[in-house]
Amino acid sequence: MEIKKELLSYVIFGVLTTIINFVVYLFFTRICGVNYIVSNIIAWFLSVLFAYVTNRIWVFESSNSNIIKEGGVFFGGRLFSGILDTGLMILFIDILTIGDLISKVIVQVVVIIFNYAYSKWIVFK
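Residues numbered from 1 in each chain as written. Predicted model: local features only at pLDDT ≥ 70, side-chain atom pairs only at ≥ 80, totals over all residues. Heavy atoms only, no water.

## Focus on the pattern of salt bridges
Working definition: two side chains of opposite charge can pair if their charged atoms are close together.
Then, number 1: Inspection of the entire model under this criterion finds three salt bridges.
Then, number 2: With a closest N to O distance of 2.9 Å, arginine 30 and aspartate 100 form a salt bridge. Of this pair, arginine 30 sits in helix 1 (residues 2-31) while aspartate 100 sits in helix 4 (residues 100-123), and the two are 70 residues apart along the sequence.
Then, number 3: The exposure class assigned to arginine 30 is partly exposed, which follows from its relative accessible area of 45%.
Then, number 4: The partner of arginine 56 in a salt bridge is glutamate 70, and the shortest N-O contact between them spans 2.4 Å. Linking arginine 56 in helix 2 (residues 36-59) with glutamate 70 in helix 3 (residues 67-95), this pair joins segments that are 14 residues apart in sequence. Across the pair, exposure class does not vary: arginine 56 and glutamate 70 are buried alike. (Salt bridge = Lys/Arg side-chain N within 4 Å of Asp/Glu carboxyl O. Helix = DSSP H or I, 4+ residues; strand = E, 2+ residues; numbered from the N terminus. Buried < 20%, exposed > 50% of the residue type's maximum accessible area, 1.4 Å probe, protein only.)

The quantities given are spatial measurements derived from coordinates; they are silent on function.
Shown next as structure tokens:
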């Protein structure tokens with residue numbers, strides 16, 4: 001039962017994190033005219049902040065008193081997925097010439113799967 005609640009919470013907050021990521025990305029690329037790579041990095045950073053708080057409190061209900069260490073491990077894993085995210089965006093957009101929104105959707109699916117596994121088995125174990 002607990003696994004279902006955890007997975008459901010992860011999906012709900014994952015969707016919200018993804019929405020934040022997309023909205024920030026679209027704001028910076030479409031409204032501000034910022035390069036897609038810079039926009040992607042800004043969107044990644046803000047969505048990771050949101051994800052850490054929601055994962056800690058509601059998804060994995062962490063009681064770890066060492067928030068600095070836990071947050072560092074969380075951000076370390078997310079840094080890897082952020083590099084993966086940006087690298088795949090460059091691959092899809094610049095090399096494979098796929099549109100940025102289609103690329104963003106594909107990349108987010110890959111990143112979400114990686115982030116869940118990393119958070120579940122390394123950060124909030």
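Past the structure itself, the notes keep going.
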